[in-house]
Amino acid sequence: MRSRPYTRSVAAGVVAAAALALLPATTATAAPAPVAAAADTCRGVSTVGLHCGYSTSNAFAQRGSKGAHVKEIQALINETTIWPKQTGKRLTVDGDFGPSTESAVSWFQWYYGSEALSDGMVGPKTWEMLRYGKR
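Residues numbered from 1 in each chain as written. Predicted model: local features only at pLDDT ≥ 70, side-chain atom pairs only at ≥ 80, totals over all residues. Heavy atoms only, no water.

## Topic: the packing of aromatic side chains
Part 1: Taken as a whole, this structure holds 6 aromatic pairs when the rule is applied.
Part 2: A centroid spacing of 5.8 Å and a plane angle of 90 degrees characterise the contact between Trp107 and Tyr112, whose relative ring orientation is edge-to-face.
Part 3: On the basis of relative accessible area, Trp107 is assigned to the buried category, the value being 12%.
Part 4: Residue class for Tyr112 comes out partly exposed when judged on its relative accessible area of 22%.
Part 5: Look at Trp110 and Tyr111: their rings are 6.0 Å apart centre to centre, the planes differ by 55 degrees, and that puts the pair in the tilted class.
Part 6: The structure contains a cluster of three or more aromatic residues connected by ring pairs, namely Trp83, Trp107, Phe108, Trp110, Tyr111 and Tyr112. (Phe/Tyr/Trp six-rings, centres within 6.5 Å; stacked < 30°, edge-to-face > 60°. Buried < 20%, exposed > 50% of the residue type's maximum accessible area, 1.4 Å probe, protein only.)

Right, dumping it as structure tokens:
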């Protein structure tokens, strides 16, 4: 007789729960794994280019800017560039264009464009590179 797939998964859950019950309380209440953000996967949209789900706007952004378009910039840099691998960190997708975002944008402009483009502000050329550029 073959067991049903859901029966095995229920049995595995019971075993895992029993194992947790045997652990000391401090171990059983360890912090949960971080939940993946909604924009973990940026994809191409025919009318926008690459889109991470925050904004389809190409509004100008610089240090001090806030909003969904800034979240889109942060997510695009995190998800479509080698920034996280090169720096060992990801931008916080919080919609606040602060010093970390400015550094990442400046790096992006230099790495994928040229030193002449590297001003840390996101205008039409940088949006085009973020949305349509080669990576």
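## Overview of the packing of helix 3 (residues 68-80) against helix 5 (residues 99-112)
Part 1: Where helix 3 meets helix 5, the closest approach of the two axes is 11 Å, and the angle between their N-to-C directions is 55 degrees. The pairing of helix 3 with helix 5 is recorded here as oblique in orientation. Our pair here, helix 3 against helix 5, has a crossing hand that is left-handed. Contacts from Ile73, Gln74 and Ile77 in helix 3 reach Thr101, Ala104, Val105 and Phe108 in helix 5.
Part 2: Its residues assigned to classes, the contact of helix 3 with helix 5 comprises 5 nonpolar, 2 polar and no charged. (Axes fitted to C-alpha atoms, helices over the stretch in contact; angles between N-to-C directions. Helix = DSSP H or I, 4+ residues; strand = E, 2+ residues; numbered from the N terminus. Parallel < 35°, antiparallel > 145°, perpendicular 65-115°, else oblique. Left-handed = near helix turned anticlockwise from the far one by under 90°. Contact = heavy atoms within 4.5 Å. Nonpolar A, V, L, I, M, F, W, Y, C, P; charged D, E, K, R; others polar.)

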